[in-house]
Amino acid sequence: MSLALSMSVPRSRFDALPFYIGLFCLLWSYAFVAGKIGVTHCPPLILLAARFSLAGILIIGATLIRGDWSLSWRDAAIFAVLGIANNALYLGLGYTGLQSVSAGLGGLIVSANPVFTAALAALLLGEGMTWRKASGLLLGVIGVTAIVWHRLAVGTDSMHGILFTLASLASIVAGTILFKLLAPKGSLWIGNGVQNLAAGIVLTPVALTFADIGAIDVTPSLIGAFAFLVLGGSILAYWLWFHLLKVCGATAASAYHFLMPPLGILFAYIVLGEHVEARDLFGIIPVALGIYLVTRPAKPAS
């Protein structure tokens, strides 16, 4: 008779969080470029209504086929409300603004998200605001401002578009706080599907009423941008965003939005040919330091 001896070998557990953060930043920042491409070939409300509807149908359809529904009616209702704030309002207003502002400036304005989110999180969610976090947020603002300061002076961005983008910023801040405040349970994957479907349902009648379907110019650029916005934006990037909100907290997760302007400007330069200078990228240094200060775990009390 043989005796089989089993010995457990310790394995190092892979920490996927840095990968999720990096992928989220790349997808979210490139979405400004894909959105700019999309709105040059299609009215923004029609583009978004189709994007959200298709993403919602794909996620919910795949879930129902697998018989994997694990969301209560209460949580589904919360995710639907979040879909109106985080999808319909945030991107509806933002894409309308993108018609008359550059992708780089759009990313800059939305990158103010961490400052307002941190302030509201301290007031409403009880997330501590230490001097370290406040200093990190300030460094992020300084870095972002340095990156695009001269762009505002020489650009052709309209005040009309800037106001729409500011309203878009207010929407995502509100959606971020609501997510943490209402704390929906269940699958983030299914919740993202509910959000997209709710946003599509809300935007479709508005788009059909106010947008001109005849203005759609079907080109390979539009098809490619739309495919990215559905798969990389609405499905993957939003799932990553809410995952980061759960594991990092509202303030820390929002701090990564400070990376969007330099990445967005870089993508806009490569893909769209938007003007960029080497000094635009110097602001990455205070941005990176600011994110480190905001997201670094506090030292345990001795």
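Keep in mind that what you see is a predicted model, and the values were worked out from it rather than measured.

Side note on the pattern of salt bridges
Now for step 1: For the structure on display, the rule yields two salt bridges.
Now for step 2: Two residues, Arg66 and Asp68, come together in a salt bridge whose shortest N-O distance is 3.0 Å.
Now for step 3: When its relative accessible area of 57% is taken as the criterion, Arg66 is described as exposed.
Now for step 4: In this structure, Arg74 engages Asp75 in a salt bridge whose closest nitrogen and oxygen atoms are separated by 2.9 Å.
Now for step 5: Its relative accessible area of 8% is what places Asp75 among the buried residues.

So, the packing of helix 7 (residues 159-182) against helix 9 (residues 220-248)
Now for step 1: Between helix 7 and helix 9, the least distance of the axes is 11 Å, while the angle of their chain directions is 55°. If you check the angle between helix 7 and helix 9, you find them oblique. Considering the relative orientation of helix 7 and helix 9, their crossing is right-handed. Touching Thr176, Phe179 and Lys180 of helix 7 are Trp241, Phe242, Leu245 and Lys246, all from helix 9.

A look at helix 9
Now for step 1: Taken as a whole, helix 9 carries its principal kink of about 35° at Ala237.
Now for step 2: Residue Gly249 follows helix 9 closely and has a positive phi angle near 95°.

Looking at the confidence of the model for the protein
Now for step 1: Considering every residue of the protein, the mean pLDDT works out to 80; 79% of them sit at 70 or more.
Now for step 2: Taken together, the stretch residues 1-12 has pLDDT below 50 and engages in zero contacts with residues farther than four places along the chain or on a different chain.

With respect to the nonpolar core
Now for step 1: In this structure, Phe24, Trp28, Tyr90 and Tyr95 are the most contacted members of the largest nonpolar core, which totals 62 residues.
Now for step 2: The element contributing the most residues to this core is helix 1 (residues 17-41), with 11 residues.
Now for step 3: When neighbours within four sequence positions are excluded, Trp28 is seen to be in contact with Tyr90, Ile172, Ala237, Tyr238, Trp241, His257 and Met260.

How each quantity is defined
Note on numbering: residues in each chain are counted from 1, in written sequence order. The predicted origin of the model limits local features to residues at a pLDDT of at least 70 and limits the giving and counting of side-chain atom pairs to 80 or more, whereas totals for whole chains, interfaces and linings rest on all residues. For side-chain calculations, the full set of non-hydrogen atoms in the structure is used, while hydrogens and water are omitted. Here, a salt bridge means any Lys or Arg side-chain nitrogen found within 4 Å of an Asp or Glu carboxyl oxygen. Relative accessible area decides the class of each residue, using a 1.4 Å probe on protein chains only: under 20% of the type maximum gives buried, over 50% gives exposed, and in between gives partly exposed. Note on geometry: axes are C-alpha line fits, over the in-contact stretch for helices, and angles between N-to-C directions span 0 to 180 degrees. The helix and strand labels rest on DSSP assignments: H or I over at least four residues marks a helix, E over at least two residues marks a strand, and numbering proceeds from the N terminus. Orientation labels follow simple angle bins: below 35 degrees gives roughly parallel, above 145 gives roughly antiparallel, 65 to 115 gives roughly perpendicular, and whatever is left gives oblique. Crossings are assigned a handedness: left-handed for a near helix turned anticlockwise from the far helix by less than a right angle, right-handed for a clockwise turn. A contact between two residues is defined here by any heavy atoms of the two lying within 4.5 Å. Fitting one axis to the seven residues ending at a residue and another to the seven starting there, the bend at that residue is the angle between the two axes. Every residue is assigned a pLDDT by the predictor, reflecting its confidence on a scale from 0 to 100. Note on terminology: a nonpolar core comprises buried Ala, Val, Leu, Ile, Met, Phe, Trp, Tyr and Cys residues joined through side-chain atoms within 4.5 Å.

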